[in-house]
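# What the coordinates show
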Amino acid sequence: QVQLVESGGGLVQPGGSLRLSCAASGIIFNFATMGWYRQAPGEQRELVATIASDLTTDYADSVKGRFTISRDNAKNTVYLQMNSLRPEDTAVYYCNARARTRWFDRNDNDYWGQGTQVTVSS
């Protein structure tokens, strides 16, 4: 069964840093596109960053230069290094996998973690 387990969230002061981790199981991780999304109260979920199997990355304009997405295929884990955090970064951060669960699957499906809270406040 597919599992995406986020960790690393918490409370941090403006200007501080956090590193989020997402450990994946039940997917063909090496060929999956992994991503981080976030959702603040009363707002829609938005893309933060993605990283493809060839290490191509994509970032929301609001986080470019501050956040870095990376992956460790040996650990089936994707990371989000967040620096220079701002109060507007406060949200629940969700790990996403666009992936196959079997080698013979024709299509990728989207899977989501449970989310981890990031709060940026003094």
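Shown above is the structure to which this text applies.
Calculation notes
- Residues numbered from 1 in each chain as written.
- Predicted model: local features only at pLDDT ≥ 70, side-chain atom pairs only at ≥ 80, totals over all residues.
- Heavy atoms only, no water.
- Core = buried A, V, L, I, M, F, W, Y, C linked by side-chain atoms within 4.5 Å.
- Buried < 20%, exposed > 50% of the residue type's maximum accessible area, 1.4 Å probe, protein only.
- Helix = DSSP H or I, 4+ residues; strand = E, 2+ residues; numbered from the N terminus.
- Contact = heavy atoms within 4.5 Å.
- Polar contact = N/O pair within 3.5 Å; in protein donor to acceptor, adjacent residues only side chain to side chain.
- Pairing = 2+ DSSP bridges.
- Axes fitted to C-alpha atoms, helices over the stretch in contact; angles between N-to-C directions.
- Disulfide = S-S within 2.5 Å.
- Salt bridge = Lys/Arg side-chain N within 4 Å of Asp/Glu carboxyl O.

In this structure, Ile27, Met34, Trp36, Leu80, Met82 and Tyr93 are the most contacted members of the largest nonpolar core, which totals 32 residues. Looking at this core, the elements that each hand over two or more residues are strand 3 (18-25), strand 4 (33-39), strand 5 (46-51), strand 7 (67-72), strand 8 (77-82), strand 9 (91-99) and strand 11 (116-120). Counting residues per element, this core draws most heavily on strand 9, at five residues. The contacts of Leu80, once residues within four sequence positions are left out, are Leu18, Arg19, Leu20, Trp36, Val48, Ala49, Phe67, Thr68, Ile69 and Tyr93.

Another point: the side chain of Thr116. Of note, Thr116 is situated in strand 11. Taking the relative accessible area as the measure of exposure, Thr116 reaches 11% and is therefore buried. A polar atom in the side chain of Thr116 sits 3.3 Å from the backbone nitrogen of Gly9. Excluding anything up to four places from it in sequence, Thr116 contacts Glu6, Ser7, Gly8, Gly9, Leu20, Ala91, Val92 and Tyr93.

Time to look at the sheet that holds strand 8. Strands in a sheet are paired, the pairing made by backbone hydrogen bonds, and the direction either parallel or antiparallel. The strand order across the open sheet built from four strands is 1-3-8-7, with neighbouring strands paired in antiparallel fashion. Edge positions in the sheet fall to strand 1 (3-7) and strand 7, since each has one partner strand and no second. Between one strand axis and the next, the sheet turns by 15 degrees as a mean value, whatever way the strands run. Sheet topology places strand 3 next to strand 8; six bridges connect them, and they run antiparallel. Within the sheet, the bridge partner assigned to Ser21 lies in strand 8 and is Tyr79.

Before going further, it helps to examine the state of the cysteines. Taken as a whole, this structure holds one disulfide when the rule is applied. Here Cys22 is linked by a disulfide to Cys95, with a sulfur-sulfur distance of 2.0 Å. Residues Cys22 and Cys95 are joined by a disulfide whose S-S torsion is about -80 degrees; by sign, that bridge is left-handed. Separated by 73 residues along the polypeptide, Cys22 in strand 3 and Cys95 in strand 9 bring together distant segments of the chain. The exposure class assigned to Cys95 is buried, which follows from its relative accessible area of 0%.

Looking now at the pattern of salt bridges. In total, this model carries six salt bridges according to the counting rule given. The residue Arg98 makes a salt bridge to Asp110 at a minimum N-O spacing of 2.9 Å. Of this pair, Arg98 sits in strand 9 while Asp110 sits in strand 10 (residues 109-112), and the two are 12 residues apart along the sequence. For Asp108, the salt bridge goes to Arg100, with nearest N and O atoms at 3.7 Å. Using a relative accessible area of 34% as the deciding quantity, one classes Arg100 as partly exposed.

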